[in-house]
Amino acid sequence: MRFEFIADRPVLDFLPTLAERGHADVEQLTAPRDVADWAVQAGIVARAPDVDDAGLRRAKALRETMFRLVQALIDGTEAGTADRELVNEAAAGPLPAVRLEVDGVHRDGDLDAVLAVLARDCLELHASADRLALRWCADEHCTRAFVDRSRGARRRWCGMRGCGDRAKAAAYRRRRRTPAS
């Protein structure tokens, strides 16, 4: 499976591996290999880590915890104690090993290292200026959070390819159907 990376932050790209939350609930992590593939495609590690069914469940549990933390951050509510503890625990894990080879920099690590990168990015998001620019995509079925770095902070969609294009096409169709006054 090919995953989409448009958020400029690993945690915000990992959360939509469960897309259209509350609507279609499209799960993209259906097998252990999906977590490994996501980690490689995200550039967190160069080689796919070993992931079993228990690892898949841990990755999904962390994803849902981080979603609730990001949701609380955007909504201005308090994060749950259990959620904070789970992310803090994952963030305390070892990071991928980084080494320089002739062909460039390589990162290697197991699933714990991948989850530590994601959890640390979630924590760093809470401490960064990006937290003030977090928004939900305006598409009614998209549940992707994004950092609005646009001038005037008026960005509405997580990305123009996909949600933004659909919204603009729908607006165009509405204008074409409505006679000009």
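Conventions and cut-offs
Residues numbered from 1 in each chain as written. Predicted model: local features only at pLDDT ≥ 70, side-chain atom pairs only at ≥ 80, totals over all residues. Heavy atoms only, no water. Phe/Tyr/Trp six-rings, centres within 6.5 Å; stacked < 30°, edge-to-face > 60°. Helix = DSSP H or I, 4+ residues; strand = E, 2+ residues; numbered from the N terminus. Lys NZ or Arg CZ within 6 Å of the ring centre and 35° of its normal. Salt bridge = Lys/Arg side-chain N within 4 Å of Asp/Glu carboxyl O. Buried < 20%, exposed > 50% of the residue type's maximum accessible area, 1.4 Å probe, protein only.

**A closer look at the packing of aromatic side chains**
Moving on, step 1. Inspection of the entire model under this criterion finds three aromatic pairs.
Moving on, step 2. Between the aromatic rings of F67 and W136, the centroid separation amounts to 5.5 Å while the plane-to-plane angle is 40 degrees, which identifies the pairing as tilted. Highlighted residues: F67 in helix 3 (residues 53-75) and W136 in strand 5 (residues 134-136), separated in sequence by 69 residues.
Moving on, step 3. Of the aromatic side chains, those joined through ring pairs into one cluster are F5, F14 and W38.
Moving on, step 4. It is R21 that lies over the ring of F67; its NZ or CZ is 3.8 Å from the centre.

**Topic: the pattern of salt bridges**
Moving on, step 1. Under the counting rule described, the total for this entry stands at 15 salt bridges.
Moving on, step 2. Between D121 and R9 there is a salt bridge; the shortest N-O distance is 2.8 Å. In this pair, D121 sits in helix 5 (residues 111-127) while R9 sits in the segment before helix 1 (10-14), placing the two residues 112 residues apart along the sequence. Accessibility assignment for this pair places D121 and R9 in one class, buried.
Moving on, step 3. One salt-bridge network, in which partners are shared between bridges, spans D8, R9, D121, D130 and R149.

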